[in-house]
Every structure is written in C-alpha cells, then in structure tokens.
Amino acid sequence: MSGCILRARAVVKRVPTSEGDLTILDGIDLAVDTGAQVAVVGESGSGKTTLLSILAGLDLPTGGDVWLDGEEITALDEEQRARVRARSVGFVFQSFQLIDSLTALENVMLPLELHGRRQAREDALGFMERVGLSARTTHYPLQLSGGEQQRVAIARAFASGPKVLFADEPTGNLDTATGGKIADLLFELNREAGTTLMLVTHDAALARRCAEVIALDAGRMLAPREAAP
Amino acid sequence: MSLSLALRLALRDWRAGELRLLLAALLLAVGAVTAVSLFVDRLQRALVAESAALLGADRVIDASRPVPQRFRDLAADRGLVLADVIRFPSMASSEATGRSQLASVKAVTPGYPLRGTLRVAGEPFTRGRRTDGLPAPGEVWLDSRLFPALDVKVGDTVSVGYADFTVTAVLASEPDRGGGFMGFAPRLLMRAEDIAATRVIQPGSRIRYRLLLAGGGDALRSLHDAIRDELAPGYRWRDVRAANARIDSALERAESFLLLGGLLTVLLAGVAVALSARRYARRHYDHVAVLKTLGATPAEVQWGYTLVLLIIGVAGALAGLVLGAVAHFGIIAALRGFLPMSLPPPGAQPVWVGLLTGFICVLAFGLPPLLRLRGVSPMRVIRRDLAPATASAWTYGCAAAGGLGLLVWYSGDATLTGWALAGAAVTVSVFAGLALILLRGGRALGMQAGSVWRLALAGLHRRHRENVGQIVVFGVAVMLLLIMVLVRTALVDEWQSRIPVRAPNQFVMNVAPAEVGPVETLLKARTGYDGRMFPMIRGRITEVNGIGAAQWQRQRRQRAEETDDERDGPGGRGRPGILRERNLTFLADLPDHNVVVDGDWWAAGAAPSASLEEEYAAALGLALGDSLTFDVGGLPFTAKVTNTRRVAWDSLQPNFFIILSPGALDGQPATYMTSFHLPSERKAFLNELLSRHPTVSVIDVDQIITHLRRIITHVAQAVELVLALVLCAGLLVLIASIQSSRDQRLKELALLRALGGTRRLITGALVAEFAALGAFAGVVAVIGAEITTFTLNRFVFELPASLHPQIWLAGPLFGILMVSAVGYLGTRRLVRTPPATALREL
Ligand SMILES: Nc1ncnc2c1ncn2[C@@H]1O[C@H](COP(=O)(O)OP(=O)(O)O)[C@@H](O)[C@H]1O
Ligand SMILES: [Mg+2]
C-alpha cells in the first residue's frame, strides 16, 4: 500500500427523504496515489460534494469503506476521525468558510493553534505572504473580496501541512480571471508541498490540469481514470 | 484544546462582541446578588443593633428573683458582657417640699445599657443629649415627670426608703424603657450598689431582675443552649425580636420581600445568561464546524468552549463582586442621611453567595447550550441546515437541578421556592397559550391593517414559535416588575399606615372621673386631640363557669406565667395568665382597630357581657357563652362572653384583652385613659398637664415610635433597592431576548431591503413588530401579575388583596415602550446598513 493514500471500496450513500430513500452515491471504488492530483467532475447534483466529504471523513457512507492515510476512517468514531483530519487533511471550500469574527491571520493561525504549534503566528504570517496577502493580515473576512478570502482559505488549508488537500469547487464562487489565479496558486502550493490533491469541479478546464479525472453521473463513476482527455 | 487557546478564543470572541451580553448577564447576576446580600447583611446587622437598643442588650434574662451566679459564670466563660438591671416600685420623696410620688426605680450596674444610649438633660421635658455615663453612687437621675410631682430641680435631694440621693440630671430617655405596667410610674435611675442603703427590698417586694447580655451570636446561642433547661419556669430568655412585636412583623415581611426580590433577580439574570449563552452557541455552529474540519475533536470542542465559559464565568463573577461591592457602597452613600447608625462591617457570607451564584448561573444556565456545540457536524460547512441535536434531557435535568438548588439555597426556604417554581411553570404554560391566541388574533387584525402593520404582524405570526417564546420571556419580565412594584407599594403603604405621622405618642392614664372633662378640654385646646377616654379598672377573673380560675387553669394545663408583667400596657401584648390582674374597660361600642371575629357586639342595655381578644381567649380556653366572674376591688360580678375580637396591637391606641359591656362596672372606682399626639418640640406641655392634674400619669412613647419609623424607613429603602435590581435584571433579559432573535430578523430585513423595501417601511415594520410583541407581553404580564400579587399578598405578606386597574393600561404600555425601544436600538444598525453588506454578513 506504499503509494496509496486514499482508497474507497463500494461506497454507497443513501439519505432518507419524504419519498423514500435517495441514493446519492452508488458503489464508488477508487484509489488515489500519494502525491496524485485527482479531479472529480460531474454535473451539479451528481454527488461530487457528497463523495468528497465521505473521502475526507466529514461524513459517513451508508455502505462501503474508506482508508485515508493508512486508517480505515469508516471504522473510526468522530473523535478519531477528527484526529485523522487534524493530522492529514486540509480543505478548501467553494464558500470559503472563514470565521467572520477572526482576522485573516487568525484564521490561518487556527489549525496551527489547534495543533499546539508554538510559532503559530510566525508560520501563519509566512503562509499569508505566500498567498500574497501580507498587507491584509488584520482584515476581517467581510472586508476582503471573494478572491482574497479564498486565498486566506488556501493559506489556512496548507498551514497545517496536510497530506491530502480536498478542494470543493474552489473557484466556483469567483469570476473566471480570479478563479484562474486561485487555481494557479492552489496547484503551485500543491506542487511545492507535494500534497495529494482531490479537486471537485464542474469546470472542464480546471479538471484538465489534474493528472487523473473521476467523472460522476448520478452517483455512479463513469469510466474511472480513462475519463481523462 | 489548551487553556491558552481557549483564552485566545475567548479574547477574540470578546473582541467580536460575542461575549458581552453573556458577561453582562453574569455580571448582573453576581453583582445584584452580592449587592443585595451585602446590603441586607449589613442592614440586618444594623437593624438588629437598633432593635437591640430597645432591649438595652442583645439578650436579656428576665426574672422575679436574682439571676443565679451560675448563669453569670457561664456567660462570662463565653466572653459575653454583662450588666444588671433591678427594677421595683418605690415612693420617692422630697423632705424639702414634703411631696412624694410613686416611682419606678431602676438600679443598674456599670455598663448599662449594653446597647443603645441614655439621654440626659439639665431641664425637665427637654430632648437632652446622649451620655455614656451613669449616676454616681449616691446620685439619681429622675424622669421629667418626677420634677413637677416632687417639686424639685437638679441639685436637690430626694429620698428613696432610708437613703438620700442627690438629683444630678434629668433622665430624658432610656433605650429599654418599654411600656410595661411599671413603666406607668416615672423613672428613677440609680446605682445597684445603693439598693442596700434604701432598705426597700423586703421579702415579697415586687422586684424584677434582669441580666443584660451582649456579645457574638455564637456565644449567645451557646449560652442559651447551656442554660435552656434551667430557664423554665422562673427565668425568661428574651431576644431582640421579643423586644418589639411591631418591628417583628415589619422585618419579617421585609425579609420575605428582599428574599423574593433577590430570588427574582437571580432567576431573571439566569434567564439572561441562558438566552445569551444560547445565542453565543448558535452563532458558533459554523465556527465549530470549521474547527472540526480543521481536526478539532468533539472532546476538544467541548472542553474548549467550557473553558471559554469558565473564563467568562470567573471574569464575570470577580467583576460582579466588585460591582456588587461598589453598588452597595453607592446605596449606603445614597442613604447616608437615613442611616443614622453606622453600619457594621459585613460578614463573608455575601461574598460566597455572590460567587456561588455566578458559578451556578454559568453551569446551570450557560453550559447546556454550549454543550450542544460538541455535536455540531463538520458537514455543516457543506450543508448549512445541519443543526446539532438538542442537548440531552440529562443536561437540562442537571441545569434545572442546579438552578433549583441555587434558588433553594439562596432563599433558604424550599417551600417558598417550590411554590414560586410551580407558579412559574403554570404561568409559562398559560402565557404560551395566551401568546398564541394573541398572535393569531394579531394576524387576523393585521390583514385589514396598513402595510407596515401587515408586514409586522405577518412577521410575528411567521416566526410564531420563537415569538411565543419571546412573549413569554418579556411577559414574565414585565410581570415580575409589576409584581415587585405592586407588592412594594402595598408593603410600604401598609407600614406607613401603621405609624401615621400623627400617631399617638403620649398615653394619659389614671384620670379621675371628675378630671375627664378638664383634661379633655385642655388636650383639645392645646394638641388638637380628638381621641376617646377609656374607663379603666383593675380586676381579675376569679371563676370560669363557676369553677375557680386557678382550677380552671390547671385543667387547661396552661403554663401560667404569673410573674410576667412585661409588655402589658399600651400597645403591648402580654402573655395571657388567667389569674393576673388586668386592665378592664367598659364600652358601649367597639373601639377602632378592633374587629369582632366571633359572636356579636352587644346592643345597648344588654345583660352583662364580656368581649375577649381572640388569642387571649384561645390561650385560656375561653369560648363564647362562658360565664366569667370578676373580682374588682373586692366585689364580684359575672358577665357572659358574647364575642371575641381581633385587635391591631400595633395601632398605638389603648388596647384591652377584656372589654365589658357598660353598666357591668357601674359604681366601681374607675379611672380613665386616653392617648394623643404631641410633637416632640412641645414636650413642655406635659409639664403644664401634670402641674394642673398632678394625679394623672403620662407615658411618653415618642421614642419608641421614632425608632419604629426609622426602622421602617430603612426597610422600605432596602425594598426599593431590590426593586431597582430586579428592574435591571428584567431589562437585561429583554435585551438578551431581542439579541437572540436578531440574527434571524437580520436575514429577513436584508431580503426585504434587497426587494426594495424603503427604510421607513422596514423601520416601521420592525418597531410595529416589537410594539406588538411588547403589547402582547404586557397583557400577559398584567394577568399574571394580578394573579400572583393576589396570591402573594394573601398568603405570604398577609396583606389585603385587591385588583389594580392602574396597571391594566400601564403594563401593556410599559411593554410596548420597553420592547420597542430596546428592540429598535438593538436592530437599528440592521436597517441602516446597505442591503448588500447585510446580505453578505449572512
Ligand atoms: N443529506 C442530504 N439529504 C437529502 N439530499 C441530499 C443530502 N446530501 C445531498 N443530497 C442531494 O444529493 C445530491 C448530490 O448532492 P451533492 O453531492 O452536493 O452534488 P454536487 O456537489 O455534485 O452538486 C443533490 O441532489 C443533493 O440535493
Ligand atoms: Mg457540490
């Protein structure tokens, strides 16, 4: 298993609705090598976000199992999954998910502080600089543009030194030009850190920048790996 | 999560204003409780001190024989301070003028009085000045009345028994004067070591011995425990409360009120803590979801936020203590004019009360909502609608138990608390029902109203679940305020009416039938007297239904306290003893301040009848229809008990245990008594009265009345203070409650504005919505307040219960004003911010 950091087997997700159970994911099998860059594509509603949240251990599947960084996270409890997340996982979300009451810098410091890192501030400042926002450290999220907020989110995601970075439509809320720059930053940092990247997008151009592409359609995988152009 | 991280989180939240309300609520809870406890603690100590002055000591052992050395030794062992008072009636005479007069001699040892002070003067019937001294051996101080009676002045010699004394001062007042029978005679104060020389004390003399005790409560209690069994039946242990029944009932009610007020403050502040903690938790769902995606474990989240809460709790409790201390100093400063006595330093108890209140408020009211944060799913970053499961019943059970424990502990009375809570539960459910009806009705009304009201009432109805909650919270807050105002008014009015400004402060006794006319004329001319002369005869009951009184008493197994002369007389109430000689009166009509509770008052020309005070009758086992035989001046006569009365003992009017129908005592040598009001500065009139009618006795109770009035003023002020605190707490609840609905309103407002609602429309709708909420809350509150005050007045304070139409409009108006003002101020910013910003903030 040396090269495989993320593996899913027969992952099924069903949710109860008023009209009976709704199957969102239906038998997903995949394996991602360490350092790989994987794009998950599909139409809106095809289950991309659901898959990502299960792979990252935010949510539990109805069936099947998931290994992340050597742990079978589907067999862990919330407490243990949180530890795996702390150790191995970073997130970038479509809606940024910064904490409004904290400054940009404090948002970046948060994972470092959670890890009990002593030099949280210095490290965070380094990441702020890396994403080109050293002048905006004391600003609050609401005082930043969408692109800037996403940069802060990216700095925060990399600050904890994750092994796998999950990005859910990181450019989805941004205009094309800004989105392009954010994508550049993401890939650049990813290359530098050697992080495994799992990128959810419905943007074909963005997906093409990844070595592997997984296509989802109504909760099923279409021709894994071969979907790449 | 480490403490330092929790600290940083707390600091950042503080900076963002997230914790202010929570802290304010805690601050108020702790501050209010501390201030009330401190003030009440000190006031109580001061009141006890002041009441102790009426006793001249903290405790008194009272007897008709000398107090045994053993008691003194035990008292001395406990570090108590002692002084002796020996009282007996004796003739005082002046050889120079040849006059003599029965005096009530009081012989004291150095140290007397242990509490309170004596006042002496150079001239009779003047106010005099305080003194710490006593007459030296061989000297006496005389009551003003003795000067005209003996026709002496300061410096002259008077004799008591075989001894001669120099009169060195006028005794203007003594703290423990009381109003006992022996008090009828004017006082002569001398030293105990001079008694022997007078040779007036013979076996069989009527002498009262008192051992005055002063010292710490523990020492006094310990002494009482040590000698309790030896006290009965010859010795009576008297404490401050026994010194005055009037203070007693006023104090008891004040304590109940303060207790109730403190209780409500804690409860309201607790609600404010719970509301603000809930809001804090809600606003942190997203925060926590992000923390969890970053790898924070549920346990870390739980401990982290518990730590944040504890940090706030400690900060709030400490700041609250300071606030409470400052507030109580402020109160004392404000009342300085009214607090003539220096307040004793407080004990440690109030500080603990304050701290523990903060602690329990945090744990019982603040923690449960925060514990929900543990369960926030990290998936919330993706699906916003994922709210954590509600906290377990266990958590709320703990919170309820904690809150209950706090209340019981604070009030020290589980029953009162139990009733208060049961009342609260009923109130809340009734309020909720009422609120729902009001909201429905409001919406129907709104359909026909203008756009502002339509919008407002539709908004109210849309969020009806939260709004029912808010109406209940507002309603309870307004109700509590109304209750406090009503009960306070009733209490203070009642206290003040007890001692009207022109309450009689002089009792005139021993007026011969021939003097009744002249004395009445003189009083009317000089004092605006409009009282009534009561005939009075000393007499005793010798037979009940033909059985000898002594035997009857034995049959009743009544512990007769034959020797007990205290507290019998004007305004006082003695302990019934059937064999005692009593003041009897005969009246055609029922006197004021008396109510017949059983049987009927007699008609003119009825057969000889007797009317008994109800407790007296009950204690002696006498009932309607019993026939009583009296011995008055050696002549027996018999009367039937035809009614029992309730007597307002604190009315300061001449009151009687036994009243007989007119005619029953015809031909007996009656004297008359009455009472009148004499302003303190016109005391010299007494000199004139006594010179013109030398056989008349006057008893001056002005001092006691002044005491009472002062105490009542203090108590009323303490009551007002508590009212102010309850008001603050109520306001805080209001703010917390409006704040907690702010986030949701914000969303709607932003949308409305984005959809093109003008600022005026939106402000209007907002204020209208709050006004409607306030009005509903006011209506609900008035109904609740009426029911509650009725119950409280009836069962706790024992005051007459009535409806209060004055609050029927004031309650809803107050609700409208308060809620729309606080609501508008709290949401004003929302209306002002451009919709884009507002939407983004969501
Ligand atoms: N907990 C849930 N309950 C009901 N429906 C859900 C739930 N989670 C996801 N869905 C539905 O499943 C489908 C897939 O959602 P999602 O994974 O967000 O798709 P994508 O990210 O590809 O747009 C959507 O139709 C969504 O509404
Ligand atoms: Mg999605």
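Heads up: the structure comes first, above all this text.
Residues numbered from 1 in each chain as written. Chains lettered and ligands numbered in written order. Predicted model: local features only at pLDDT ≥ 70, side-chain atom pairs only at ≥ 80, totals over all residues. Heavy atoms only, no water.

A few points about the sheet that holds strand 4 (residues 63–68) of chain A
Now for step 1: Read across the sheet, four strands follow the order 2-1-4-5 (chain A) without closing on themselves; strand pairing throughout is antiparallel. The sheet is open, and its two edges are formed by strand 2 (20–33) and strand 5 (71–72) of chain A, each paired on a single side. (Pairing = 2+ DSSP bridges. Helix = DSSP H or I, 4+ residues; strand = E, 2+ residues; numbered from the N terminus.)

Looking at helix 11 (residues 349–371) of chain B
Now for step 1: In a regular helix each residue adds 1.5 Å, so 23 residues correspond to 33 Å; helix 11 of chain B covers 31 Å between its end C-alpha atoms and thus fits that length.
Now for step 2: A maximum bend of about 30° is found in helix 11 of chain B at Phe365(B), where proline Pro368(B) lies one to four positions downstream. (Expected span 1.5 Å × (residues − 1). Bend = angle between axes of the 7 residues up to and from the residue.)

Points about the packing of aromatic side chains
Now for step 1: By the definition in use, this model includes nine aromatic pairs over all chains.
Now for step 2: Aromatic side chains Phe91(A) and Phe93(A) sit 5.3 Å apart centroid to centroid with 10° between the ring planes, which places their arrangement in the stacked category.
Now for step 3: A relative accessible area of 3% means that Phe93(A) is categorised as buried.
Now for step 4: Ring plane angle 70° and centroid distance 5.4 Å describe the contact between Phe71(B) and Tyr235(B), whose orientation is recorded as edge-to-face. Of this pair, Phe71(B) sits in helix 3 (residues 69–77) while Tyr235(B) sits in strand 11 (residues 235–238), and the two are 164 residues apart along the sequence. (Phe/Tyr/Trp six-rings, centres within 6.5 Å; stacked < 30°, edge-to-face > 60°. Buried < 20%, exposed > 50% of the residue type's maximum accessible area, 1.4 Å probe, protein only.)

A closer look at the nonpolar core
Now for step 1: Among the nonpolar cores identified, the biggest contains 124 residues, and Leu6(A), Leu30(A), Leu55(A), Phe166(A), Met198(A) and Leu373(B) are the most heavily contacted of them.
Now for step 2: Top element by residues in this core is helix 15 (residues 464–498) of chain B. It accounts for 16 residues.
Now for step 3: When residues of this core are assigned to domains, at least three fall in each of domain 1 (1–54 + 246–412) and domain 3 (431–502 + 701–842) of chain B.
Now for step 4: Not counting the four nearest positions on each side in its chain, Leu30(A) is found in contact with Leu6(A), Arg7(A), Ala8(A), Leu51(A), Leu55(A), Ile214(A) and Met221(A). (Core = buried A, V, L, I, M, F, W, Y, C linked by side-chain atoms within 4.5 Å. Domains from an automatic or database assignment. Contact = heavy atoms within 4.5 Å.)

As for the interface of chain B and chain A
Now for step 1: In this assembly, 27 residues from chain B lie in contact with 30 residues from chain A.
Now for step 2: Between chain B and chain A, roughly 2,500 Å² of surface is buried when both sides are summed, and carbon and sulfur atoms account for 62% of that area.
Now for step 3: Joining chain B to chain A, the criterion identifies four salt bridges.
Now for step 4: For Glu106(A), the salt bridge is made with Arg15(B), and the minimal N-O distance between the two is 2.7 Å.
Now for step 5: Inspection of the chain B/chain A interface yields nine residue pairs in polar contact (both at pLDDT 80 or more).
Now for step 6: Contributing elements (two or more residues each) for the side of chain B that touches chain A: helix 1 (3–15), helix 9 (285–293), helix 10 (298–334) and helix 24 (835–841) of chain B.
Now for step 7: In terms of residues, the side of chain B that touches chain A owes the most to one element, helix 1 of chain B, which gives six residues. (Buried area = accessible area lost by both parts, 1.4 Å probe. Salt bridge = Lys/Arg side-chain N within 4 Å of Asp/Glu carboxyl O. Polar contact = N/O pair within 3.5 Å; in protein donor to acceptor, adjacent residues only side chain to side chain.)

Description of the side chain of Thr674(B)
All names here are of chain B.
Now for step 1: Note that Thr-674 resides in strand 21 (residues 671–676).
Now for step 2: When its relative accessible area of 1% is taken as the criterion, Thr-674 is described as buried.
Now for step 3: Within the structure, the side chain of Thr-674 is placed 2.8 Å from the backbone oxygen of Arg-532, a separation counted as a polar contact.
Now for step 4: When residues no more than four places from it in sequence are discounted, the contact partners of Thr-674 are Gln-506, Phe-507, Val-508, Leu-523, Tyr-529, Gly-531, Arg-532, Met-533 and Pro-654.

With respect to the site of ligand 1
Now for step 1: If you check the shell around ligand 1, you find Val15(A), Ile24(A), Glu43(A), Ser44(A), Gly45(A), Ser46(A), Gly47(A), Lys48(A), Thr49(A), Thr50(A) and Arg383(B) and nothing else.
Now for step 2: Near ligand 1, residues from chains A and B are present, making the site a shared one.
Now for step 3: Residue Gly47(A) places a main-chain N or O atom 3.1 Å away from an oxygen atom belonging to ligand 1.
Now for step 4: Measuring from an oxygen atom of ligand 1, one finds a side-chain N or O atom of Lys48(A) at 2.9 Å.
Now for step 5: For ligand 1, whose unbound accessible area comes to 560 Å², protein coverage reaches 66%.
Now for step 6: In terms of residue count, helix 1 (residues 48–55) of chain A provides more of the shell around ligand 1 than any other element does, three residues in total.
Now for step 7: Residue composition of the shell around ligand 1, grouped by class: two nonpolar, six polar and three charged. (Near = heavy atom within 4 Å. Areas by Shrake-Rupley, 256 points an atom, 1.4 Å probe, with all protein chains shown as cover. Nonpolar A, V, L, I, M, F, W, Y, C, P; charged D, E, K, R; others polar.)

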